[in-house]
Amino acid sequence: MDQKVVMTDTVLQVPDTPTIPYIEGDGIGPDIWSAAVRVFDSAVEKAYGGKKQIQWKEVLAGEKAYQATGEWLPKATEEALKEYLVGIKGPLTTPVGGGFRSLNVTIRQRLDLFVCLRPVKYYLGIPSPVKRPEQINMVVFRENTEDVYAGYELKSGEPETRELIDHLKARYGWDIRKDSGIGIKPVSETGSKRLIRAAIRYAIKHNRKSVTLVHKGNIMKFTEGAFREWGYELVQEEFGDKIVTWDDIDGEIPEGKILVKDAIADAFLQQILTRPDEYDVIATMNLNGDYISDALAAQVGGIGIDPGANINYETGNAVFEATHGTAPKYAGKDMVNPSSVILSGMLMLDYLGWKEASALIDKGIAGALARKQVTYDFARLMDGAEKVSTSRFADCIIDHM
């Protein structure tokens, strides 16, 4: 009988042998998943000596689902991800021509996974384009359901687009060119506060030093500017005894307090290059979060070693994922870097409260990288590296646990 992760009074209840749905993924998905699952199982076995074990349950999405069922995202998969609460997935193809804009975005929206969680830290030995990558240790909370990613767009030249342009001219005096496409950017108080609340709670739980609200509110005053204002309102309403702002202090942050501050997005993108150690937990909107996550990932080795999670901290629902694409030309060659999905699994174990197993994966990856046992993408950039296959890299991680 399946044992399920459940949410009780905002606390995750995890059995010793939970059933976890997984989506293998398209393209290189099977290669990296077969390597990653061995790492997960080995970490759990080494940490708990057989007292805990994950029961893996495959569910279908992407090309594999389409070939088997004629659907890119079968209802059964969506229901399984809801029922079992926590799942993990490889990269998925975006259908060409019609249907879903993005299967990844569809899963996030249908399950209301309002946080895209992207921790970014440097592992010693990884080639980096910046001088001090070791100063980067940030956790990005990207709002997942609103902003321009909500998909409220109208195509240039269509009758309904011209109708909307005419209405906006008549009602608000907005002078929009007739040949424009139109997109709507919703940013709500509800969506903003639940994202910022999750970021602050994470910072408190993990003993982080600050939370920065990143926005472009100096220009988009009623969307991104409102995000900032709602964030500071939330601090006063719910976290007054644990949080300080720059207005509350004169220099030093009091012991046991977390600083909440904000930064304009363009300035922030400069400062993560020049003084990244000043930033810790980041809370931001959807589009900013996309840019920031990938920019930070590039500084520590690229999205191939960047984990990701989509989480609803209110229901407990979470889907952990590789953050890169399907790379079909490398499919079946046992050569690509599986680190993104492995680190996402490490995040998943931490989310489940299995911190000992999570720490072993962290140790294993750090050990393999320190010994320069790496896949081709890093081997070509490192002197004296031992180039290994996808499957062999998994072995190296397990050896270093």
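Parameters at a glance
- The residue numbering used here restarts from 1 in each chain and proceeds along that chain's sequence as written.
- Thresholds applied to this predicted model are a pLDDT of at least 70 for local features of residues and 80 or more for the giving and counting of side-chain atom pairs; totals over whole chains, interfaces and linings are not thresholded and use all residues.
- Think of the side-chain values as coming from all heavy atoms in the structure, minus any hydrogens and water.
- Starting at the N terminus, helices and strands are each numbered in turn, a helix being any DSSP run of H or I of at least four residues and a strand any DSSP run of E of at least two.
- As a reference, a globule follows 2.2 Å times the number of residues to the power 0.38, and the radius of gyration itself is taken over C-alpha atoms.
- Buried means the residue's accessible area, taken with a 1.4 Å probe over protein chains only, is under 20% of the maximum for its type, while exposed means over 50%, and partly exposed covers the values in between.
- By definition, residues are in contact when any of their heavy atoms lie within 4.5 Å.
- Exposure was quantified through the Shrake-Rupley algorithm and a 1.4 Å probe, taking into account, for residues, occlusion by the shown protein chains and nothing else.
- Residues counted as positive are Lys and Arg, residues counted as negative are Asp and Glu, and His and the chain ends are not counted.
- By convention, charge coordinates are those of NZ in Lys, CZ in Arg, CG in Asp, or CD in Glu.
- Only the stretch in contact is used when a helix axis is fitted, and all axes are lines through C-alpha atoms; the angle between N-to-C directions ranges over 0 to 180 degrees.
- For classification, angles of less than 35 degrees are called roughly parallel, those exceeding 145 degrees roughly antiparallel, those between 65 and 115 degrees roughly perpendicular, and all remaining angles oblique.
- Under the scheme applied here, ten amino acids are nonpolar (Ala, Val, Leu, Ile, Met, Phe, Trp, Tyr, Cys and Pro), four are charged (Asp, Glu, Lys and Arg), and all others, including Gly, are polar.
- We define a salt bridge as a side-chain nitrogen of Lys or Arg found within 4 Å of a carboxyl oxygen belonging to Asp or Glu.
- A pair of Phe, Tyr and Trp rings is counted when the ring centres sit within 6.5 Å of each other, with Trp represented by its six-membered ring. The angle between the planes then sorts it: under 30 degrees is stacked, over 60 is edge-to-face, the rest tilted.
- Both site types are read off a 1 Å grid over the protein atoms alone. A 1.4 Å probe that fits but cannot get out defines a cavity, while an open set with protein on both sides within 12 Å along at least five of seven lines defines a pocket; lining residues have an atom within 4 Å of a point.
- Grid points are joined across faces, edges and corners, and a volume is the space filled by probe spheres set on the points.

### Thoughts on the overall build of the protein
Assigned secondary structure in the protein consists of 13 helices and 17 strands. Expected size for 401 residues packed as a compact globule is a radius of gyration near 21 Å; at 22 Å, the protein falls within 12% of this value. On the principal axes, the C-alpha backbone points of the protein span a range of 65 × 60 × 50 Å. In the protein, buried positions account for 53% of the 401 residues. A separation threshold of at least 6 residues defines the contact pool for the protein, and within that pool the share at least 24 residues apart is 73%. Surface accessibility of the protein: about 18400 Å² in total, with carbon and sulfur atoms responsible for 50%. Between the averaged position of the 48 positive side-chain charges in the protein and that of its 57 negative side-chain charges there is a distance of 3 Å.

### Quick word on the packing of helix H8 (residues 265–274) against helix H9 (residues 286–299)
For any two helices packed against each other, the geometry comes down to the angle between their axes and how far apart the axes lie. For the pair H8 and H9, interaxial distance at closest approach is 11 Å and the crossing angle is 10 degrees. With respect to their mutual orientation, H8 and H9 come out roughly parallel. Contact residues: Ala-265, Phe-268, Leu-269, Ile-272 and Leu-273 in H8; Asn-288, Ile-292, Ala-295, Leu-296 and Gln-299 in H9. Classifying every residue of the contact of H8 with H9 by side-chain character gives eight nonpolar, two polar and no charged.

### Points about the pattern of salt bridges
The tally for this structure, following the rule as stated, stands at 31 salt bridges. In this structure, Glu-79 engages Lys-75 in a salt bridge whose closest nitrogen and oxygen atoms are separated by 3.7 Å. Pair noted here: Glu-79 and Lys-75 are both in helix H3 (residues 75–83), with a separation of four residues, about one helical turn. For Arg-118, the salt bridge identified is with Asp-306, shortest N-O distance 2.4 Å. Of the two residues, Arg-118 sits in strand S6 (residues 115–121) while Asp-306 sits in the loop between H9 and strand S14 (307–311), which places them 188 residues apart along the sequence. Summarising the burial analysis for this pair, Arg-118 and Asp-306 share the class buried.

### Details of the packing of aromatic side chains
To describe a pair of aromatic rings, one takes the distance between the centres and the angle between the planes. One pass over the full model with this rule turns up 14 aromatic pairs. Measuring from ring centre to ring centre gives 6.3 Å for Tyr-313 and Tyr-351, while their planes differ by 80 degrees; the resulting arrangement is edge-to-face. A residue pair is termed long-range when its members are at least 10 positions apart, and Tyr-313 in the loop between S14 and strand S15 (318–322) and Tyr-351 in helix H10 (residues 339–352) qualify at 38 residues. Of the residues examined, Tyr-313 reaches a relative accessible area of 25% and is grouped as partly exposed.

### Here's the deal with the layout of surface pockets
Approximately 1000 Å³ is the volume found for the largest pocket. Surrounding the largest pocket, 41 residues form its lining, Tyr-202, His-206, Tyr-313, Asp-350 and Tyr-351 being those nearest its centre. At the level of elements, strand S2 (11–13), S6, strand S7 (137–143), helix H6 (189–205), S14, H10 and helix H11 (355–370) are the ones that each hand at least two residues to the lining of the largest pocket. By residue class, the composition of the lining of the largest pocket is 25 nonpolar, five polar and 11 charged. Counted as a void, the second largest pocket has a volume near 280 Å³. If you go around the second largest pocket, you meet 20 residues; those closest to its centre are Asn-104, Arg-108, Arg-142, Glu-321 and Thr-323. In terms of residue count, helix H4 (residues 103–110) provides more of the lining of the second largest pocket than any other element does, three residues in total. When its residues are assigned to classes, the lining of the second largest pocket shows seven nonpolar, six polar and seven charged.

### Let's talk about unusual backbone geometry
Of note, the phi angle at Leu-85 is positive, near 75 degrees, even though the residue is not glycine. Here Leu-85 is to be found in the loop between H3 and strand S5 (86–89). Given a relative accessible area of 10%, Leu-85 falls into the buried group. Phi is positive for Asp-334, which is not a glycine, with a value near 55 degrees. Considering the arrangement of structural elements, one finds Asp-334 in the loop between S15 and H10.

### A few points about the environment of Ala-370
Inspection of the secondary structure assignment puts Ala-370 in helix H11. The spacing of Ala-370 and Asp-31 is 339 residues in sequence and 23 Å in space, taken between C-alpha atoms.

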